[in-house]
Amino acid sequence: MKFYITTPIYYVNSEPHIGSAYTTIIADIIARYKRLMGYEVFFLTGTDEHGQKVYQAAQQAGKEPKEFCDELAEKFKSLWKELEITNDHFVRTTDDYHVRTVQIFVEKMIENGDVYKGVYKGWYCIPCETYWNEDEVIRDGSSVLCPECKRPVKWLEEENYFFRLSKYRDALLKHYEEHPDFVEPDFRKNEMLKILEGGLKDLSITRTTFKWGVPLPRDPSHVIYVWVDALINYVSAIGYGWDEETFKKWWPANVHLIGKEINRFHSIVWPAMLMSVGLPLPEKVFAHGWLTVNGQKISKSLGNAIDPRYFVNKYGNDVVRYYLVREISFGKDGDFSEEKLVGRLNSDLANDYGNLLHRATAMVQKYFNGSLPRPSEGEGIDNWLKERYFQTKDEYLKLMDSYKLTEALEKLWLFIADVNKYFNDTQPWVLAKENKMDRLGTVLYNTLETILKVAIMTSPVMPDTSEKVFGRLSFDAKPSLEHLEEWGVLKPGSAVKHGEPLFQKVEVQNLKKVVETVIVEENTITIDEFSKVDLRVAKVVEAERIPNSRKLIRLVVDLGSEKRQIVAGIAEHYTPEELVGKNIIVVANLKPAKLMGYESRGMLLAAKHGETLRLLTVDGDIAPGAKIS
Ligand SMILES: [Zn+2]
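Rules of the game
- Residues numbered from 1 in each chain as written.
- Predicted model: local features only at pLDDT ≥ 70, side-chain atom pairs only at ≥ 80, totals over all residues.
- Heavy atoms only, no water.
- Helix = DSSP H or I, 4+ residues; strand = E, 2+ residues; numbered from the N terminus.
- Rg over C-alpha atoms; globule rule 2.2 N^0.38 Å.
- Buried < 20%, exposed > 50% of the residue type's maximum accessible area, 1.4 Å probe, protein only.
- Contact = heavy atoms within 4.5 Å.
- Areas by Shrake-Rupley, 256 points an atom, 1.4 Å probe, with all protein chains shown as cover.
- Lys, Arg positive; Asp, Glu negative; His and termini not counted.
- Charge placed at Lys NZ, Arg CZ, Asp CG, Glu CD.
- Phe/Tyr/Trp six-rings, centres within 6.5 Å; stacked < 30°, edge-to-face > 60°.
- Salt bridge = Lys/Arg side-chain N within 4 Å of Asp/Glu carboxyl O.
- Pairing = 2+ DSSP bridges.
- Donors = N, O, S within 2.8 Å, 3.2 Å for Na, K, Ca; no water.
- Tetrahedral: all angles 85-135°; square planar, octahedral: opposite > 155°, others 65-115°.
- Domains from an automatic or database assignment.
- Arc of directions from axis to C-beta.
- Expected span 1.5 Å × (residues − 1).
- Patch = residues over 30% accessible without salt bridge, like charges linked within 9 Å, V, L, I, M, F, W, Y side chains within 5 Å.
- Core = buried A, V, L, I, M, F, W, Y, C linked by side-chain atoms within 4.5 Å.

### Describing the overall build of the protein
When helices and strands are tallied, the protein shows 23 helices and 27 strands. The C-alpha radius of gyration computed for the protein amounts to 32 Å, which surpasses the reference 25 Å derived for 629 residues by more than 25%, pointing to a less compact arrangement than a globule. Judged by the C-alpha coordinates and their principal axes, the protein covers about 105 × 70 × 45 Å. Here the protein holds 629 residues, and the buried ones make up 54% of them. In the protein, 75% of the contacts between residues at least 6 apart in sequence involve partners at least 24 apart. For the protein, the exposed surface amounts to about 28,300 Å²; the carbon and sulfur share of it is 50%. Averaging the positions of the 82 positive and the 91 negative side-chain charges in the protein gives two centres separated by 2 Å.

### A few points about the packing of aromatic side chains
For any pair of aromatic rings, geometry is given as the distance between the ring centres together with the angle between the planes. For the structure shown, the criterion picks out 36 aromatic pairs. An angle of 70° between the planes, with centres 6.1 Å apart, marks the rings of Phe3 and Tyr39 as edge-to-face. With Phe3 in strand S1 (residues 2-11) and Tyr39 in the loop between helix H1 (18-36) and strand S2 (40-48), this pair connects stretches of sequence that are 36 residues apart. For Tyr39, a relative accessible area of 26% puts it in the partly exposed group. Taken together, a centroid distance of 6.1 Å and an interplanar angle of 90° make the contact between Tyr353 and Trp413 edge-to-face.

### Quick notes on the pattern of salt bridges
Per the stated rule, a full pass over the model turns up 42 salt bridges. Two residues, Glu485 and Lys393, come together in a salt bridge whose shortest N-O distance is 2.7 Å. Taken together, the residues Glu485 in helix H20 (residues 481-485) and Lys393 in helix H15 (residues 380-401) connect sequence positions 92 residues apart. We classify Lys393 as buried; its relative accessible area is 5%.

### Some words on the sheet that holds strand S13 (residues 255-259)
Taking strand neighbours across the sheet as the criterion, the six strands line up as S3-S2-S1-S13-S14-S9 in an open arrangement whose pairing is parallel. Looking along the sheet, the strands with just one partner apiece sit at the ends: strand S3 (89-92) and strand S9 (183-184). Sheet analysis places S1 next to S2, joined by eight bridges and oriented parallel. When the sheet's bridge partners are listed, Phe3 is paired in S2 with Val41.

### A look at the coordination of the zinc ion
The protein atoms donating to the zinc ion are Cys125 (SG), Cys128 (SG), Cys146 (SG) and Cys149 (SG), with metal-donor distances spanning 2.2 to 2.4 Å. Around the zinc ion sit four donor atoms, and with donor-metal-donor angles ranging over 107 to 113° the site reads as tetrahedral. In the primary structure, the donors to the zinc ion are separated according to the pattern C-x2-C-x17-C-x2-C. Taken as a pair, Cys146 and Cys149 share a single burial class, namely buried.

### Let's talk about the domain arrangement of the protein
With domains assigned, the protein is organised as domain 1 (2-102 + 230-308), domain 2 (107-207), domain 3 (337-509) and domain 4 (527-628). Taking the mean C-alpha position of each, domain 3 and domain 4 sit 73 Å from one another.

### What about the sheet that holds strand S10 (residues 203-204)?
Spatially, four strands are ordered S5-S4-S8-S10 in an open sheet, and the strand pairing comes out antiparallel. Each edge of the sheet is formed by a strand with only one pairing partner; in this case those strands are strand S5 (130-132) and S10.

### Some details on helix H5 (residues 169-178)
Listed in full, the buried residues belonging to H5 are Leu172, Leu173, His175 and Tyr176. For H5, the angular spread of buried residues about the axis comes to 160°, placing them on one side. Opposite the packed face of H5, turned more than 90 degrees from it, sit the exposed residues Asp170, Lys174, Glu177 and Glu178. As for H5, its buried residues are in contact with S9, helix H6 (186-197) and helix H10 (263-277).

### Some words on the pairing of strand S4 (residues 115-125)
Relative to strand S8 (residues 154-163), S4 is paired through ten bridges, and the arrangement is antiparallel. When the bridges of S8 are listed, Gly118 appears paired with Asn160. Pairing of S4 with S5 involves three bridges; the strand directions are antiparallel. By the bridge assignment, Tyr124 is partnered in S5 with Tyr131. Connecting S4 to the next strand, S5, in antiparallel fashion are four residues, including Glu129 with a positive phi near 50°.

### Regarding the environment of Glu129
Among the secondary structure elements, Glu129 is positioned in the loop between S4 and S5. With a relative accessible area of 1%, Glu129 lands in the buried category. Along the chain, Glu129 and Glu486 lie 357 residues apart, while their C-alpha atoms are 52 Å from each other.

### A closer look at helix H18 (residues 437-457)
With 21 residues, H18 extends 30 Å between its outermost C-alpha atoms, agreeing within 8% with the 30 Å of an ideal straight helix rising 1.5 Å per residue. Buried residues dominate H18, accounting for 19 of its 21 residues.

### What to know about a nonpolar patch on the surface
A cluster of nonpolar side chains, contributed by Ile525, Ile527 and Phe530, occupies part of the molecular surface with about 340 Å² of accessible area. Tracing the chain through its elements places Phe530 in helix H22 (residues 527-531). Residue classification places Phe530 among the partly exposed residues on the basis of a relative accessible area of 39%.

### Regarding the side chain of Arg344
With respect to the element layout, Arg344 can be found in helix H14 (residues 338-368). Leaving out residues up to four positions away in the same chain, Arg344 has contacts with Tyr322, Tyr323, Arg326, Glu327 and Leu349.

### Observations concerning the environment of Leu595
The topology assignment puts Leu595 in strand S22 (residues 593-595). Here Leu595 falls in the partly exposed class, since its relative accessible area comes to 33%. Each C-alpha atom of the pair Leu595 and Ala568 lies 8.9 Å from the other, and the pair is 27 residues apart in sequence. Non-local contacts of Leu595, meaning those with residues more than four positions away in its chain, are made with Leu552, Val567 and Ser600.

### Remarks on the nonpolar core
Formed by 176 residues in total, the largest nonpolar core has its most connected members in Phe105, Trp251, Trp270, Met273, Tyr353 and Leu448. Once residues lying within four places of it in the same chain are set aside, the contact partners of Met273 are Phe105, Met109, Phe163, Val228, Leu231 and Ile232.

### Considering unusual backbone geometry
With an omega dihedral of -10°, the bond running from Glu184 to Pro185 counts as a cis peptide bond. Relative to the elements of secondary structure, Pro185 occurs in the loop between S9 and H6. Here Trp251 and Pro252 are connected by a cis peptide whose omega angle stands at 5°. For Ser474, which is not a glycine, the phi torsion comes out positive at approximately 55°. Its place among the elements puts Ser474 in the loop between helix H19 (463-472) and H20. We note that Asn548 has phi near 65°; this positive angle belongs to a residue other than glycine. In this structure, Asn548 sits in the loop between strand S18 (535-545) and strand S19 (553-558). Take Asn548: its relative accessible area is 80%, and that puts it in the exposed class.

Below you can see the structure in the form of structure tokens.
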């Protein structure tokens, strides 16, 4: 049984942040779960290194693009190592085998008649490296914005090669119909169906305006569009075009795990590309939601500030992993908050799980000399516990198999609550006092056997903690599905070690609110930034309405060393006569602008409240040109 799982390859225009860590951790949990279930797993992640955005980021950093990419790829690799990510390979789109595979793949699309030369005219978002149609962009006044990232898009006209994406619309619709689970969650699939039903436009797949990409072999003045280049990583890394045997073993992928913003590329463009070269489609594309931080979208500065390492160093890998899966409903958008993380740590982990193990091992130590007692014939409550276990195990496996990770942990913690109830209701401390050692031994055995089951089931999410639990219980087998299917895995007489609690509680009020500090800092400026604004007192020497304009007045102001023309939208609030002679405040170093054909060199300051507008003036007389600081 094989299982091939991928993360998106991360764009190296910035460092890894909690968002990329989230996707990778989730993929790691799924990979570990499949290994636990006995699958042979290939888990792929990597970096996306071509394109204009990376090239520009390298230039800004004053580095050669390859050197720049090498450094960033290393940062991703070392973070994944710190987070104990168990990827089997790390693909880089600048790797030789990948570059060759991209060329082979695209040439095959051309040979199959799916590519033609045409002129691309339209909008392009550099940050997203995405083309947008006229009806997709957002118009906000005179600016045209990317519908995805809301940044300005660029008008492009150039000769490109086009992929006949439109040709695959019907085949894609048919595939969606025949494979209702192809895209998950459902609401993401419906978004894709809407796009497909609306019809597809052919996709420009080469660029000529820059060189940082994979050249098209038959026309090397063209580099292959970075998205086409990137998507091919899923087959290049496993040997397409260079190791057919390995490729056949792993392809098709069982799941492409992605963020929702790149769903269109994975659920429409990529499948069409695969159809074009005659390859089977991946079994599933799973698009998870976005992570926000204390309610804010992860921006570059915020993202860098909440380096996942900070939380891992402070709380440990397992706590961060548990929190991300348990608190952020997998598939939907979710919010990262340190306070909630600590809440989960204190209640779910320290109280419910760690403390249970602590109490049970303490009693084995005290009353059985640290040797696991042999259980006797059970009572009603023991059978109830076992029944609850097998029911939970079945639910857990079913939920994990369908990528319902959050629900799987929810079920598991309901069960842990029941184990706690069992431990409290059987009153082992009373049994000890009354010297009912046989009954006490049974209760402790059952409690520890369930804790072993919990440790096996949570091992994909909290591998280090599970290792600790296995050590305490002298369970030294490689955990597997078999150990979940049978009751009585722990061997009576084996050593049970009582040690430090598994988790240390953290006081919520002692939290240093790093994240909130960053958010506040994002909205503040330094004194240096403020001092860049050159504010001056200016005396109005002339004023007149601009013909045919309801709002604009042309002013000539005296700045001491010079006279300047400023155009201001204040005609509804002041007459020209009222203005002459006033000492007003202007921004003297604003870039000149033209308003209705009149040049304006500066901006005056005014206070506005509802329909009222009043100009800023100085309190008393002062020479024109006086600096405001
Ligand atoms: Zn964009």
